[in-house]
Amino acid sequence: MVAAKHRRRYLVHLESLGPDAAFAGEVIRDAVRSIRALERDLLGDPLTKANASPVTVADFLVQAFVASRLAQRFPDDPLVGEEDATVLRTEPARKVRRRVVELAGRMLPGGALETEQMLAWIDRGRGACGHRFWTLDPIDGTKGLLRGGQYVIALALLVDGSVQIGVIGCPRLSVRTAPASRADSGEHAMVAAVEGDVEGGVAIGVRGRGAWWLSLHGDHLTRLSVSTEANPAQTCALHSLESRHSDLDELRRVLRELRSDASPILMDGQTKHVLLAAGAAELLMRIPTDPLYREAIWDQAAGALIVEEAGGRVTDLDGLALDFTTGRHLLRNTGIVASNSLLHDAVLDVVRQRSIR
Ligand code: AMP
Ligand code: MG
């Protein structure tokens, strides 16, 4: 168990988030269910992309699945996905390609698929960042999937540079509600973020309508809200497990400046944003190890909206709002600071004092 805080409990139906968000939530929930059912078939040898990162059967399968479902409902909306079928069309990828076609036949509505149709669904994710588009990371935390850790499926709708809907499917995470121990109120619930052999679920943020947890069964939503901790010395932080993705030593120095001695929770992908939104920690930082690296929109959009709608705040290291108008990457932002809002200025002060870039 990572953490538990007291939260108000609301029972709300998925439909009340509006038709587009309800649809996106259902699609990602279906993807989580399928991936959980197929998990043992998905591992095997990953392929290596041109940027040297690994890509698995699961990445291709989820991108094909989400692309086909979105195309049915929103035929005019472009999809900007992390993956495309380039590597899958090559000769060394023959085995993986066959596996994706076979599993896609089990996962996609309509059953068996021709190879070309499956490759075309994956390549539907090569859409352009227009005035309205979806962005997808089919497996965020591919290395987490491979090592038996956390990974998520992240989908966001952007309209005029603003994230309107963020959905994060979490096959290996549960955010549970339980009656509060305080006898004086039946309204509170304890939200506990639990890792391990758990049910899984989906976090959904909708601009102006809050951030919610949808379990894999039923259509009731439970509100996600950030920690109310205001004392910097009590800051608990989340950080990437991959040392290449962010500077953990620098985060430890920031925590020391804040007088916090809590060890950072290390985790893959936007699972971290969901835990922050659920109040399991107060801070999430991404401190570039490569000054030229720019964050991909599919790694940040859904998580940022869910954290903000849960009452948190998300900026870059300079305190600037994330600018989603610069295409596939956040060209005008450096690093990420996401917090429960109450501790944000204290963190930015330390970043400024230490000249962290
Ligand atoms: P995390 O598990 O939080 O480190 O996030 C995983 C994501 O980090 C992947 O989906 C990649 O898109 C992204 N990533 C890959 N290389 C880098 C890098 N050098 N710096 C920061 N993020 C990266
Ligand atoms: Mg990713």
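Below you will find a few notes about this structure.

1. Observations regarding the overall build of the protein chain
When its secondary structure is counted, the protein chain shows 9 helices and 18 strands. Taking 357 residues into account, the globule formula puts the C-alpha radius of gyration at 21 Å, and the protein chain, at 20 Å, falls close to it. Seen through its C-alpha atoms, the protein chain measures out along the principal axes to roughly 55 × 50 × 40 Å. The buried share among the 357 residues of the protein chain stands at 58%. If you take every contact in the protein chain between residues at least 6 apart in sequence, the share linking residues at least 24 apart comes to 72%. Just so you have it, the protein chain exposes about 14,600 Å², and 48% of that area is on carbon and sulfur atoms.

2. Describing the sheet that holds strand 17 (residues 313–315)
Ordered by their spatial adjacency, 5 strands build an open sheet running 15-14-16-18-17, and the pairing between neighbours is mixed. One side of each edge strand has no neighbouring strand; the edge strands of this open sheet are strand 15 (265–266) and strand 17. Summarising the sheet, strand 14 (residues 237–239) and strand 16 (residues 283–286) pair through 2 bridges and their orientation is parallel. Opposite Leu-238, over in strand 16, you have Leu-284 as the bridge partner. Along the sheet, helix 6 (residues 248–257) contacts strand 14, strand 15 and strand 16; its crossing angle with strand 14, the most-contacted strand, is approximately 175°. Contacts from helix 9 (residues 344–354) reach strand 16, strand 17 and strand 18 (336–339), with the element oriented near 25° to strand 17.

3. Section: the layout of surface pockets
To find leftover empty space, a probe the size of one water molecule is rolled over the atoms. There is about 1,100 Å³ of room inside the largest pocket. Taken together, 46 residues line the largest pocket, and the ones lying closest to its centre are Asn-51, Ser-53, Glu-82, Tyr-293 and Asp-299. Of all the elements in the fold, those that place two or more residues in the lining of the largest pocket are strand 4 (54–55), helix 2 (57–73), strand 6 (132–140), helix 5 (142–147), helix 7 (271–277) and strand 16. Here the lining of the largest pocket gets 3 residues from one element, more than from any other, and that element is strand 6. Of the residues contributing to the lining of the largest pocket, the split by class is 12 nonpolar, 15 polar and 19 charged. Counting the residues that make up the lining of the largest pocket, at least three belong to each of domain 1 (2–223) and domain 2 (232–354).

Calculation notes
Residues numbered from 1 in each chain as written. Chains lettered and ligands numbered in written order. Predicted model: local features only at pLDDT ≥ 70, side-chain atom pairs only at ≥ 80, totals over all residues. Heavy atoms only, no water. Helix = DSSP H or I, 4+ residues; strand = E, 2+ residues; numbered from the N terminus. Rg over C-alpha atoms; globule rule 2.2 N^0.38 Å. Buried < 20%, exposed > 50% of the residue type's maximum accessible area, 1.4 Å probe, protein only. Contact = heavy atoms within 4.5 Å. Areas by Shrake-Rupley, 256 points an atom, 1.4 Å probe, with all protein chains shown as cover. Pairing = 2+ DSSP bridges. Axes fitted to C-alpha atoms, helices over the stretch in contact; angles between N-to-C directions. 1 Å grid on protein atoms, 1.4 Å probe; cavity = no way out; pocket = protein on both sides within 12 Å on 5 of 7 lines; lining within 4 Å. Points joined across faces, edges and corners; volume = space filled by probe spheres on them. Nonpolar A, V, L, I, M, F, W, Y, C, P; charged D, E, K, R; others polar. Domains from an automatic or database assignment.

Shape descriptors only; they carry no functional weight alone.
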